[in-house]
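Topology and contacts: notes
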Amino acid sequence: MLLSQIELRRIRLPLVTPFRSSQGFITERELLLVRLIGPEVEGWGECVALSSPEYTGETVDSAHNALKRELIPLLPADSVSPWQVSALLGEVVGNSMAKAALEMGLWDAELRSREVSLAQHLGATRSRVPAGVAVGVMDAIDDLLAAVESYVDQGYSRVKLKIQPGWDVEPVRAVRDRFDGLPLQVDANMAYKKSDFALLAELDEFGLLMLEQPLAANDLAGHAELARQIQTPICLDESLSSAEAAEEAVELGACSIVNIKPGRLGGLAEALRLHDFCLERSIPAWCGGMLESGIGRAANLALAALPGFTLAGDLSASNRYFYRDLTPPFELRDGHIDVPTGPGIGVEPLPEMLDEATVSTELIEL
Ligand code: NPG
């Protein structure tokens, strides 16, 4: 596949509901798009890095810089194959989200030129996936109950609550009391310590699907110890920076459920590797989200349609995140979202929305 230019496009999209977690408060999604331009094809990738280094060390600025100075210069001048790219970019340490964005764009361009959808290429076995919704930390329990009620009314099939010290057992109890039988899970984004184990054990009574990433990313031993002390299954996210790291975590007993996010793992190739491991070992897995626009979400939907994704992901309709998405909106139907079937990631940004949301563009000649 021949490429001549790569555009790095900075976007700002206001969020419908400000998103608060133990990691920060986001009112507007700043993101970076990678547009690959060739004589015959075009491809889009989305970088999931946030404005500040709350989730991992990457940010929109660091990813922009890494793409421009380190990653794009590694691409061969003549022709670029998405099959080789993950090995090629492996020369650079870290910068997983930047790598994943470039890889997504390459797959989109390549598959568009072959008229194959990403879902088909990855081996999807479903045409729609169950939609989960993540609900941030709120000021008051009544606000939380109202938010959960509205999502349940819309048909979301499972709800994930963000928790942090001071916002955990009581809000979870309130939601469980009101919504008996609702598939419910919690995500701590690393907010707890060993001294909190007794408190985390109090969550056992709510029949949660999982407790996600309670401790620091590098604390696999702590997660294994906690797993022995509580009944709620532990899922890891931030700790799993590669398929190998995930295998180690599972072996150690640090988690029994796996969150798969291409951005955190450095791309779809690594996500696929982790998916295959989970499928082979019958480890429940699901697709995480990072408040993506329709571009990133299209790729996540294709991935989540694979057979190893046995639990509902953080894949919500466009209107849960944005007043207007960059792409035609993804909608909830019967608690599910359709997997795009068009070539490549199956969606393209709407030109007027792209113009409206663009803060700056930089064009790099290859
Ligand atoms: O639906 O895309 C979504 C949001 C899901 O909570 C969500 N993502 O920790 O998994 C996470 C998380 C996140 C969002 C983390 C924003 C940091 C910032």
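Refer to the structure above for everything that follows.
The present account deals with the structure reproduced in this document. Keep in mind that what you see is a predicted model, and the values were worked out from it rather than measured.

Looking at a negative patch on the surface
Residues Glu244, Glu247, Glu248, Asp276 and Glu280 make up a contiguous surface patch of negative charge. Looking at the negative patch, the elements with two or more residues in it are α9 (243-252) and α11 (268-281). Looking at the negative patch, the element that brings in the most residues is α9, giving 3 residues. As for its placement among the helices and strands, glutamate 244 is situated in helix α9.

Some points on the pattern of salt bridges
The tally for this structure, following the rule as stated, stands at 27 salt bridges. Between aspartate 108 and arginine 112 there is a salt bridge, with the nearest N and O atoms lying 3.0 Å from each other. Taken together, the residues span about one helical turn, with aspartate 108 and arginine 112 both in helix α3 (residues 96-114) at a distance of 4 residues. We note that aspartate 108, like arginine 112, is buried. Among the charged side chains, a network of salt bridges with common partners joins Arg158, Lys160, Lys162, Asp187, Glu212 and Asp314.

Considerations on the site of the ligand
Near the ligand lie 17 residues; those nearest to it are Asn189, Lys261, Gly289, Leu291 and Tyr321. In this structure, methionine 290 approaches the ligand through a main-chain N or O atom, which is 3.3 Å from an oxygen atom. Between the ligand and tyrosine 321, the relevant distance is 2.7 Å, taken from an oxygen atom to a side-chain nitrogen or oxygen of the residue. Protein chains bury 100% of the 430 Å² of accessible surface belonging to the ligand in isolation. Using a 2 Å cut-off from the grid points, one finds that the ligand occupies the largest cavity. Looking at the shell around the ligand, its residues break down into 8 nonpolar, 2 polar and 7 charged.

Regarding the packing of helix α5 (residues 141-154) against helix α6 (residues 169-178)
Axis separation between α5 and α6 bottoms out at 10 Å; the angle between their running directions is 45°. Of the possible angle classes, the one that applies to α5 and α6 is oblique. Seen along the crossing, α5 lies across α6 with a hand that is right-handed. Taking contact as the criterion, the partners of Ile141, Leu144, Leu145, Val148 and Glu149 in α5 are, on α6, Glu170, Pro171, Ala174, Val175 and Arg178. Among the residues making up the contact of α5 with α6, the classes are represented as 7 nonpolar, no polar and 3 charged.

Some thoughts on the packing of α9 against α11
For the pair α9 and α11, interaxial distance at closest approach is 9 Å and the crossing angle is 30°. Between α9 and α11, the crossing angle belongs to the class labelled roughly parallel. On α11, the residues that touch Ala243, Glu244, Ala246, Glu247, Val250 and Glu251 of α9 are Glu270, Arg273, Leu274, Phe277 and Arg281. Broken down by class, the residue content of the contact of α9 with α11 amounts to 5 nonpolar, no polar and 6 charged.

A word on the packing of aromatic side chains
For the structure shown, the criterion picks out 3 aromatic pairs. Consider the rings of tryptophan 83 and tryptophan 107, whose centres lie 4.8 Å apart with planes at 75°: the pair is edge-to-face. Highlighted residues: tryptophan 83 in helix α2 (residues 82-89) and tryptophan 107 in helix α3, separated in sequence by 24 residues. Both rings, one in tyrosine 321 and one in phenylalanine 322, keep their centres 5.7 Å apart while their planes meet at 35°; by these two values the pair is tilted. Since its relative accessible area comes to 4%, tyrosine 321 is described here as buried. Across from the ring centre of tryptophan 286, 5.3 Å away, lies the NZ or CZ of arginine 158, which sits over that ring.

Here's the deal with the nonpolar core
Counting 129 residues, the largest nonpolar core has Leu102, Leu161 and Leu203 as the members making the most contacts within it. Ranked by residue count, the leading element in this core is α3, at 9 residues. If near-sequence neighbours (up to four positions away) are discounted, leucine 203 is found in contact with Ile163, Val169, Val172, Val186, Leu208, Leu211 and Thr232.

A short note on the layout of surface pockets
Estimated volume of the largest pocket: approximately 380 Å³. Of all the elements in the fold, those that place two or more residues in the lining of the largest pocket are α2, α3 and α10 (262-265). The element best represented in the lining of the largest pocket is α3, accounting for 4 residues. The class makeup of the residues in the lining of the largest pocket is 7 nonpolar, 10 polar and 6 charged. In this structure, the second largest pocket spans a volume of roughly 170 Å³. Ser318, Asn319, Pro329, Phe330 and Glu331 are the residues nearest the centre of the second largest pocket, which is lined by 16 residues in total.

What counts as what
Residue numbering note: each chain is counted from 1, following its sequence as written. Local features in a predicted model are, by the rule used here, given only for residues with pLDDT of at least 70; side-chain atom pairs are given and counted only at 80 or more, and totals for whole chains, interfaces and linings are based on all residues. The basis for the side-chain values is all heavy atoms of the structure; hydrogens and waters are excluded. Note that patches include only residues with greater than 30% relative accessible area and no salt bridge, and the join distances are 9 Å for like charges and 5 Å for nonpolar side chains (Val, Leu, Ile, Met, Phe, Trp, Tyr). All accessible-area figures derive from a Shrake-Rupley calculation using a 1.4 Å probe, and residue coverage is judged against the displayed protein chains alone. We count a salt bridge whenever a side-chain nitrogen from Lys or Arg sits within 4 Å of a carboxyl oxygen from Asp or Glu. The sign given to each residue is positive for Lys and Arg and negative for Asp and Glu; His and the chain ends receive no count. We put the charge of a Lys on NZ, of an Arg on CZ, of an Asp on CG and of a Glu on CD. Numbering of helices and strands runs from the N terminus, with a helix taken as a DSSP run of H or I at least four residues long and a strand as a DSSP run of E at least two residues long. Only protein chains enter the area calculation, which uses a 1.4 Å probe; residues under 20% of their type maximum are buried, those over 50% are exposed, and those in between are partly exposed. Throughout, near means a residue has at least one heavy atom within 4 Å of the molecule or strand. What qualifies as a polar contact is a pair of N or O atoms within 3.5 Å, subject to a donor-acceptor requirement within protein and to the restriction that residues adjacent in sequence count only when both atoms come from side chains. Lining residues are defined by having an atom within 4 Å of a point belonging to a cavity or pocket. Those points lie on a 1 Å grid over the protein atoms alone, cavities being sets where a 1.4 Å probe fits but cannot get out and pockets being open sets with protein on both sides within 12 Å along at least five of seven lines. Grid points define the cavity or pocket, and a molecule sits in it when more than half of its atoms lie within 2 Å of them. Think of it as three bins: nonpolar holds Ala, Val, Leu, Ile, Met, Phe, Trp, Tyr, Cys and Pro, charged holds Asp, Glu, Lys and Arg, and polar takes everything else, Gly as well. As a rule, the C-alpha atoms of each element are fitted with a line to give its axis, helices using only the stretch in contact, and angles between N-to-C directions run from 0 to 180 degrees. Under this scheme an angle from 65 to 115 degrees is roughly perpendicular, one under 35 degrees roughly parallel, and one over 145 degrees roughly antiparallel; angles in between are oblique. Each helix crossing is assigned a hand: it is left-handed if the near helix lies turned anticlockwise from the far helix by less than a right angle, otherwise right-handed if that turn is clockwise. Residue contacts are counted whenever heavy atoms from the two residues lie within 4.5 Å of one another. Centres within 6.5 Å make a pair out of two Phe, Tyr or Trp rings, where for Trp the six-membered ring is used; the pair is then stacked when the planes are under 30 degrees apart, edge-to-face when over 60, and tilted otherwise. Charge-over-ring contacts are defined here by two conditions on Lys NZ or Arg CZ: a distance within 6 Å of the ring centre and an angle within 35 degrees of the ring normal. Throughout this description, the term nonpolar core refers to a set of buried Ala, Val, Leu, Ile, Met, Phe, Trp, Tyr and Cys residues connected via side-chain atoms within 4.5 Å. Grid points are joined across faces, edges and corners, and a volume is the space filled by probe spheres set on the points.

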